[in-house]
Amino acid sequence: FFILPRAEKSIYSFGLGEGGGYFRFLQVEESIRLIFQNPLFGVGSAMSVQENFALNPTGIFANAPLVVHNWFLLVASEHGIPALILFISFVLLSLRDIWFCILKSKMTSLIDFLRVGTLSGIISLLIVGVFQPFIGENLILFSLVLFSSTRKKVEWKK
């Protein structure tokens, strides 16, 4: 009853020449062109909209000067592909360490449950980054440093 009208509107948002899905498609297309022109160092922090406008003065960024709604493309266009690879590598290696700590644990301590929550939250933030220009990088880095480095067990009170 509530889901079908929303799903129908979402499908129509990808219509040719209109809708939010089409808008994001055009943003992604122009951002990829910008990444190909500046693959190593990007265009600089908060400069992607200006550079996209300079690259194509009649494009989507001239009509709606908003950053691309994809965090991964935003980082690659502003800071370069190596910066994106470095950040993603650090996150994935840290998540692997947290995952193995969870598998080895018997889930008897509070820190074990916090690791599960951290792992789930960070994966959720990475998924959100596909659709939004932000993922909370500081929160992710803080969580990874905190929970991948803590080896001390905090036991539940009985």
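Conventions adopted
- Residues numbered from 1 in each chain as written.
- Predicted model: local features only at pLDDT ≥ 70, side-chain atom pairs only at ≥ 80, totals over all residues.
- Heavy atoms only, no water.
- Helix = DSSP H or I, 4+ residues; strand = E, 2+ residues; numbered from the N terminus.
- Buried < 20%, exposed > 50% of the residue type's maximum accessible area, 1.4 Å probe, protein only.
- Polar contact = N/O pair within 3.5 Å; in protein donor to acceptor, adjacent residues only side chain to side chain.
- Contact = heavy atoms within 4.5 Å.
- Phe/Tyr/Trp six-rings, centres within 6.5 Å; stacked < 30°, edge-to-face > 60°.
- Core = buried A, V, L, I, M, F, W, Y, C linked by side-chain atoms within 4.5 Å.
- pLDDT = per-residue confidence, 0-100.
- Arc of directions from axis to C-beta.
- Salt bridge = Lys/Arg side-chain N within 4 Å of Asp/Glu carboxyl O.
- Axes fitted to C-alpha atoms, helices over the stretch in contact; angles between N-to-C directions.
- Parallel < 35°, antiparallel > 145°, perpendicular 65-115°, else oblique.
- Nonpolar A, V, L, I, M, F, W, Y, C, P; charged D, E, K, R; others polar.

(A) Molecular detail of the side chain of S77. Mapped onto the fold, S77 is located in helix α5 (residues 71-79). You can call S77 buried: its relative accessible area is 1%. At 3.1 Å, the side chain of S77 and the backbone oxygen of L74 are in polar contact. If we ignore the near neighbours within four places in the chain, the residues touching S77 are L34, I35, G42, V43 and S48.

(B) The arrangement of the packing of aromatic side chains in detail. Within the structure shown, the criterion is met by two aromatic pairs. Between W71 and F72 the ring centres are 5.2 Å apart and the planes differ by 85°, which places this aromatic pair in the edge-to-face class. Side by side, W71 and F72 carry an identical accessibility label, which is buried. Following the ring pairs from residue to residue traces out a cluster consisting of W71, F72 and F87.

(C) Structural view of the nonpolar core. Counting residues in hydrophobic clusters, the biggest one holds 22 residues, and the most contacted among them are W71, V91, L95, I122, L126, I140 and L144. Elements supplying a minimum of two residues to this core: α5, α6 (81-104), α7 (110-128) and α8 (137-149). The contacts of L95, once residues within four sequence positions are left out, are L119, I122, I123, L126 and L144. With six residues, the next largest nonpolar core counts F23, L26, V49 and F61 among its residues.

(D) Geometry of the confidence of the model for the protein chain. Summarising the model, the protein chain shows a mean pLDDT of 84, and 88% of its residues fall at 70 or more. Taking the mean pLDDT of every element in the protein chain, the minimum, 75, falls on helix α1 (residues 3-12) and the maximum, 94, on α5.

(E) Here's a closer look at helix α3 (residues 48-55). Where α3 is concerned, the buried positions are S48, V49 and N52. Relative to the axis of α3, the buried residues are bounded by an arc of 100° and lie together on one face.

(F) Molecular detail of the pattern of salt bridges. Tallied over the full model, the rule gives three salt bridges. Taking the shortest distance from any N to any O, the salt bridge between R33 and E29 comes out at 3.9 Å. Residue R33 and its partner E29 are located together in helix α2 (residues 20-37), separated by four residues, close to a single helical turn. By relative accessible area, which is 40% here, R33 ends up partly exposed.

(G) Looking closely at the packing of α5 against α6. It is at 6 Å that the axes of α5 and α6 come closest, and there the two elements cross at 130°. In terms of orientation, α5 lies oblique with respect to α6. Two secondary-structure elements touch here, α5 through W71, F72, V75, A76 and H79 and α6 through I81, A83, L84, F87 and I88. Its residues assigned to classes, the contact of α5 with α6 shows nine nonpolar, one polar and no charged.

(H) The arrangement of the environment of P133 in detail. Checked against the element boundaries, P133 lands in the loop between α7 and α8. As a C-alpha pair, P133 and N70 span 63 residues in sequence and 5.0 Å in three-dimensional space. Residues contacting P133, with those up to four places away along its chain left out, are V67, V68, H69, N70, W71 and L74.

(I) Molecular detail of unusual backbone geometry. You will see that A46, though not glycine, has its phi angle at about 60°, which is positive. In this structure, A46 sits in the loop between α2 and α3. The class for A46 is exposed, based on a relative accessible area of 56%. A positive phi angle, close to 55°, is found at M107, a residue other than glycine. Of note, M107 is situated in the loop between α6 and α7.

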